[in-house]
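# Architecture and fold: a report
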Amino acid sequence: MIKNIMQKVMVLACSFIFSTSLVFASTQTAVTAQLVKSEVDGTVLICQYRTMQEVHFKVIFTNQVCPLSMQVEH
């Protein structure tokens, strides 16, 4: 009887640790930002990207092309 209870407690404890570690790991994932617009300013090209919550910018030379999407930290 006590052995069964201890096994169930161990399973619940391990499940809890595993489930909370997944929650903490999710803050370090990357999301894809989509190109919204680009603008030339002298010799540089400013690419503007948008996720659901943020706006990101990438500055490259005018002889390059803005990628249609880019990975950004979440």
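As the structure is a computational prediction, the values presented were derived from the model and not from experiment.

## Digging into the state of the cysteines
Note on terminology: a disulfide is the covalent bond linking the sulfur atoms of two cysteines. All told, the structure shown has 1 disulfide when counted by the stated rule. Between the sulfur atoms of Cys 47 and its disulfide partner Cys 66 the distance amounts to 1.9 Å. What sets the handedness of the Cys 47 and Cys 66 disulfide is the S-S torsion sign, and at about -80 degrees it is left-handed. On the criterion of sequence distance, the pair formed by Cys 47 in strand 2 (residues 44-50) and Cys 66 in the loop between strand 3 (55-61) and strand 4 (69-73) is long-range, its members being 19 residues apart. Summarising the burial analysis for this pair, Cys 47 and Cys 66 share the class buried.

## Quick notes on the sheet that holds strand 2
Taken in spatial order, the 4 strands make up an open sheet running 3-2-1-4, and their pairing is antiparallel. Each having just a single partner strand, strand 3 and strand 4 make up the two edges of the open sheet. Averaged over all pairs of adjacent strands, the angle between strand axes in this sheet comes to 40 degrees, irrespective of strand direction. By the bridge criterion, 7 bridges tie strand 1 (residues 30-41) to strand 2 in an arrangement that is antiparallel. Its bridge partner being in strand 2, Val 40 is matched across the sheet by Leu 45.

## Thoughts on the side chain of His 56
With respect to the helices, strands and loops of the structure, His 56 is situated in strand 3. A polar atom in the side chain of His 56 sits 3.3 Å from the side chain of Glu 54. With near-sequence residues (within four places) excluded, His 56 lies in contact with Ala 33, Cys 47, Gln 48, Tyr 49, Thr 51, Met 70 and Val 72.

Criteria and thresholds
- Residues numbered from 1 in each chain as written.
- Predicted model: local features only at pLDDT ≥ 70, side-chain atom pairs only at ≥ 80, totals over all residues.
- Heavy atoms only, no water.
- Disulfide = S-S within 2.5 Å.
- Helix = DSSP H or I, 4+ residues; strand = E, 2+ residues; numbered from the N terminus.
- Buried < 20%, exposed > 50% of the residue type's maximum accessible area, 1.4 Å probe, protein only.
- Pairing = 2+ DSSP bridges.
- Axes fitted to C-alpha atoms, helices over the stretch in contact; angles between N-to-C directions.
- Polar contact = N/O pair within 3.5 Å; in protein donor to acceptor, adjacent residues only side chain to side chain.
- Contact = heavy atoms within 4.5 Å.

Such coordinate-based values are descriptive only and should not be taken to indicate function.
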